[in-house]
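# Architecture and fold: a report
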Amino acid sequence: MSVNLHSELGLAQSSSTYKLIELNDELLAELRDKSSKDKLQFKSLDKEGSHVILCSSDKTWIVRQKDHSNLSMVMREDVVDTERVLDPSACFGLPPPISDYIGYARTTYEYETIKTEGQLSLDQVPVYNGSANFAQRESGTPSLSFEDMVNNSPISRKEALVEWHKLAGCTVAGQVCLLSKAFLHKALHVTLMSVLAESLDLDALTLKEAATAVGKDMDDTFNPYSSEVVETVLNRFGKITSDSDEEPKKWSLNRSMLASWYGVYALEKYATKTGVLVDEFMLQWKSTFPPFLTCDIDTNMLRGHFFHPQAEQLQYISRDTLSMDPKERFRTLFKLQSSWDLADLEPFIADLNTKHLKIDSFVMKYARRRRVGKTTIVTARS
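Report on the accompanying structure. (Residues numbered from 1 in each chain as written. Predicted model: local features only at pLDDT ≥ 70, side-chain atom pairs only at ≥ 80, totals over all residues. Heavy atoms only, no water.)

## Regarding the overall build of the protein chain
Quick note on the threshold: The helix count covers DSSP runs of H or I at least four residues long, the strand count covers runs of E at least two residues long, and both are numbered beginning at the N terminus. When accessible area is computed with a 1.4 Å probe and restricted to protein chains, residues below 20% of their type maximum are described as buried, those above 50% as exposed, and intermediate ones as partly exposed. In this description, contact between two residues means that some pair of their heavy atoms is separated by no more than 4.5 Å. Calculation of accessible area relied on Shrake-Rupley with a 1.4 Å probe; when residues are assessed, cover is drawn exclusively from the protein chains displayed.
Helix and strand content of the protein chain: twelve helices and 17 strands. In the protein chain, buried positions account for 37% of the 382 residues. Taking contacts inside the protein chain between residues at least 6 apart in sequence as the whole, the part at least 24 apart equals 64%. For the protein chain, the computed accessible surface area is about 23100 Å², with 50% contributed by carbon and sulfur atoms.

## Things to note about a negative patch on the surface
For clarity, the cut-off: Each patch is built from residues that are more than 30% exposed by relative accessible area and take part in no salt bridge. Like charges join if they lie within 9 Å; nonpolar side chains (Val, Leu, Ile, Met, Phe, Trp, Tyr) join within 5 Å. The rule for a salt bridge is simple: a side-chain nitrogen of Lys or Arg has to be within 4 Å of a carboxyl oxygen of Asp or Glu. Asp and Glu are treated as the negative residues and Lys and Arg as the positive ones, with His and the ends of the chain left uncounted. For the purpose of locating charges, the reference atoms are NZ of Lys, CZ of Arg, CG of Asp and CD of Glu.
A surface patch of like charges, here negative, comprises Asp243, Asp245, Glu246 and Glu247. Position of Glu247 relative to the elements: it lies in the loop between strand S10 (238-242) and strand S11 (250-253).

## Some remarks on the packing of aromatic side chains
Centre distance and the angle of the planes are the two values used to describe a pair of aromatic rings. For clarity, the threshold we go by: Centre distance within 6.5 Å is the pairing criterion for rings of Phe, Tyr and Trp, where only the six-membered ring of Trp is used; planes under 30 degrees apart are then read as stacked, over 60 as edge-to-face, and the remainder as tilted.
One pass over the structure, following the stated rule, counts 13 aromatic pairs. With 5.5 Å between their ring centres and 75° between their planes, Tyr262 and Phe289 make a pair best called edge-to-face. Residue Tyr262 is found in helix H8 (residues 255-270), and its partner Phe289 is found in the loop between helix H9 (278-287) and strand S13 (306-307); the two are separated by 27 residues along the sequence. In this structure, Tyr262 and Phe289 share a single accessibility class: buried.

## Considering unusual backbone geometry
A positive phi angle, near 60°, is found at Ala168, a position not held by glycine. Assignment of secondary structure puts Ala168 in the loop between helix H4 (157-166) and strand S7 (169-172). Phi is positive for Ser199, close to 55°, though the residue is something other than glycine. Its location among the elements puts Ser199 in the loop between helix H5 (181-197) and strand S9 (205-206).

## Comments concerning the sheet that holds S10
The condition that has to hold: Strands qualify as paired when DSSP identifies two bridges or more between them.
Spatial ordering of the open sheet is given by S9-S11-S10, a layout of three strands whose pairing is antiparallel. Strand pairing shows two members of the sheet lacking a second neighbour, S9 and S10, which therefore form its edges. Bridge count between S9 and S11: two bridges; the pairing is antiparallel. Bridge pairing in S11 links Leu205 to Trp251.

## Points about the pairing of strand S8 (residues 175-179)
A regular strand places its side chains so that they alternate between the two faces of the sheet. Among the five residues of S8, five are classified as buried, and the element is accordingly described as predominantly covered. Side chains of S8 alternate between two faces, with Gln175, Cys177 and Leu179 and Val176 and Leu178 buried alike. Alignment of S7 against S8, held across four bridges, turns out to be antiparallel. Following the sheet pairing, Thr171 is matched in S8 by Val176.

Here it is as structure tokens:
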């Protein structure tokens, strides 16, 4: 088969008009789904435009230019000259053309889509610590809503909501904000004490009953633990188990997550300056729980927050204080502890493994490892 091909536009003009993007199976499914195809949105990773991001309702892709030596043409079928008589010798032995195509764009590159984790842009999001003055803003300064934040972030809406809950995101007086760590701890403690005092079911909490329980003993002038703050606590430490039009939304609090939170709090409080015996720490950990809260506890829950200065001792270390340089971070960790169980070490180095290598392979680049029974022990190279 042969066709007549005609060019309508020149390369310089057309290359800035049409762009070719590679569609993977997930993107094709989004485009074919009538309910979701209108939700596809291009966003910029930053104001400098270093990357373009493509978001669906629940997924995010980086759009990256891929150069190639082949010439790609965008064409449409058309009838250019039905009366034209073509010399058969010009067909190089092929049958005469049966149709005409007009090429209206030429390019030597395409855009490929690479699935990635979306990111929330938090530059304009303030931190809320329970202050009564938080709602007071300068005249003319608009409030930033959750939808505004998502639209200005390289992330899909569903991913944004999940990340927002992890970060303890809240809305106070119409302004999105992040609860400070100290205030989040107070809000969690007050919420737990209030709902336990009312004998409410931690596996089936509604926002109304939890907020009512919290507000019972609060001052009438100002209550920092508003319904929005209580909802943030429920989203941060629980999951929605019932969400329908027929009945109120219900949350089930995650006991393991609660125990871990209080465990890190206990490490910061009792084991920052010096090591604490494990048995002694376990008692201190339990003492931080609200009355009548029962949770199973195990030091494995706290991996990534402590090291062993001596045998049978724990001491707190914040990952935020560690260098982003892999060699320097490994050097610091081995100064704190000469040998590590790989399971204890992994949370301290996972963020450095940007190429997503197997953890054993990544560790071998900076340290030595050996097997002791079923345990992998990691030590410094020298």
